[in-house]
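Working through the structure, step by step
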Amino acid sequence: MLFTGTVRENITYGDMNSVGENIWSFLFFTGYLKIKSAKAAEQYSGNDDLYTLVIPNVEVKSCYKSVIMEYFNEYKVFRTSICSSFTRCGSLKEVTLPSRVTTIGGSMFLQNYELVKVNLDNILSFGTQAFENCEKLKDITLSENCTEIGNRAFYNCYELNLDHLPSKLKTIGNDSLRETKVSISEIPSSVTSVGNSAFYNCKNIKRMVYNSNANISASFFGNTSNLTEVIINGNVKSIGASAFQNSGIKKLKLNNGIEVISASAFSACPIEELDIDIHSLTTVGSSAFSGCVELFTQKMIQIDKNGEKFVDISKWGTCNTGNFYTGTVVDYRCNYLIFGSNSVL
């Protein structure tokens, strides 16, 4: 294994867990490592002298195997200061993580283009860019106790397949699973925060039941061309800009209590069935449903199966002509929205 770091002369026992690379300074100054060769800074255009350290003898090597490596096996967090050692390891194809490792730090396996397999069964949290651009990483299984998938954690892992999200997951970061082959069908109710473009261009997602109360962020499912059915449950209040733009949605059911549908949220979707209660809506952004040709060919949208009351459209302050379609909405009765200047129930 090759590790790089700075040798500190004033290392103490209290420093051992604060910075991962401190262990090398500790081993050097206690005699468990010795200098094999040295290179002055001016010889390699660096800022500090560079030393190559080796294990001094067979006895220490035996101690190293039984004691020092056990330290790493029990070390629960791969910290960012150590993680750089696993970034861009060109020949790295398979990784077996110790069972006690529970957190993957930021950029730990960034741009390992040949990495195919890694066990993640015990990981509870993935840092920013943890596996970004690991283009050959394939099937993975996440612990049901995992709570966080950080920003860009698996971004551009083109071959990555994941068939469901952990039941205790809380955070889905920006671009976290973007451009992957994930085939999930549910966002669990445990999720409290979702980032922009988290599942952008994930073409293996075909049906989605959104059970979280977290507001849906911008471009969350954008360009998911094979996503044909979406059911939004929970207590979602807003759907972000371009959240489902260019997806393949044909059947859409929105939760009661939805207040904001942002600009281009469902634009260019081939929606044929839309179930929405508009009573709570306050804002419909520009071009929210523009280009939904199939939807407007049918001239009507079911919005409430039970009510017969008229809807107060004065709250729709930003719902201008064109937000739904190029035609003019002429009837806002509770059972149907009717489009086109001559449309009637």
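**Observations regarding the pattern of salt bridges**
- Tallied over the entire structure, the rule returns six salt bridges.
- For glutamate 132, the salt bridge identified is with arginine 152, shortest N-O distance 2.8 Å. Placement of glutamate 132 in the loop between β7 (125–126) and β8 (148–149) and of arginine 152 in the loop between β8 and β9 (171–172) is noted, with a sequence separation of 20 residues between them.
- Judged by its relative accessible area of 5%, glutamate 132 falls in the buried class.
- According to the relative accessible area criterion, arginine 152 is partly exposed, its value standing at 28%.

**Some details on the sheet that holds strand β18 (residues 283–284)**
- The parallel open sheet is built from three strands, whose spatial order is β14-β16-β18. Both edges of this open sheet fall to β14 (238–239) and β18, since each of them pairs with a single strand only.
- Pairing analysis gives two bridges linking β14 to strand β16 (residues 260–261), with the strands arranged parallel. Note that in β16 the partner of isoleucine 239 across the bridge is isoleucine 261.

**What about the nonpolar core?**
- In terms of nonpolar packing, the biggest core is built from 68 residues, with Phe126, Phe131, Phe154, Ile187, Phe199, Phe244 and Phe266 touching the most fellow members.
- When contributions to this core are tallied by element, the ones reaching two or more residues are β12 (207–210) and β13 (229–232).
- Those residues in contact with phenylalanine 154 that lie beyond four places of it in its chain are Leu120, Phe126, Phe131, Leu137, Ile140, Ile149, Leu160, Ser176, Leu177, Arg178 and Thr180.

**Side note on the environment of threonine 171**
- Among the secondary structure elements, threonine 171 is positioned in strand β9.
- For threonine 171, a relative accessible area of 26% translates into the label partly exposed.
- For the pair formed by threonine 171 and isoleucine 149, sequence separation is 22 residues and the distance between their alpha carbons is 6.1 Å.
- Setting aside chain neighbours within four positions, we find threonine 171 in contact with Thr147, Glu148, Ile149 and Ser193.

**Some thoughts on the side chain of asparagine 156**
- Tracing the sequence through the fold places asparagine 156 in the loop between β8 and β9.
- The class for asparagine 156 is buried, based on a relative accessible area of 13%.
- Those residues in contact with asparagine 156 that lie beyond four places of it in its chain are Asn133, Cys134, Glu135, Arg178 and Glu179.

**Things to note about unusual backbone geometry**
- A positive phi angle, near 55°, is found at aspartate 175, a position not held by glycine.
- Topologically, aspartate 175 is positioned in the loop between β9 and β10 (186–187).
- Phi angles above zero are rare outside glycine, and serine 287 is one such case at about 60°.
- Inspection of the secondary structure puts serine 287 in the loop between β18 and α4 (293–297).

Reading the values: the criteria
- Residues numbered from 1 in each chain as written.
- Predicted model: local features only at pLDDT ≥ 70, side-chain atom pairs only at ≥ 80, totals over all residues.
- Heavy atoms only, no water.
- Salt bridge = Lys/Arg side-chain N within 4 Å of Asp/Glu carboxyl O.
- Helix = DSSP H or I, 4+ residues; strand = E, 2+ residues; numbered from the N terminus.
- Buried < 20%, exposed > 50% of the residue type's maximum accessible area, 1.4 Å probe, protein only.
- Pairing = 2+ DSSP bridges.
- Core = buried A, V, L, I, M, F, W, Y, C linked by side-chain atoms within 4.5 Å.
- Contact = heavy atoms within 4.5 Å.

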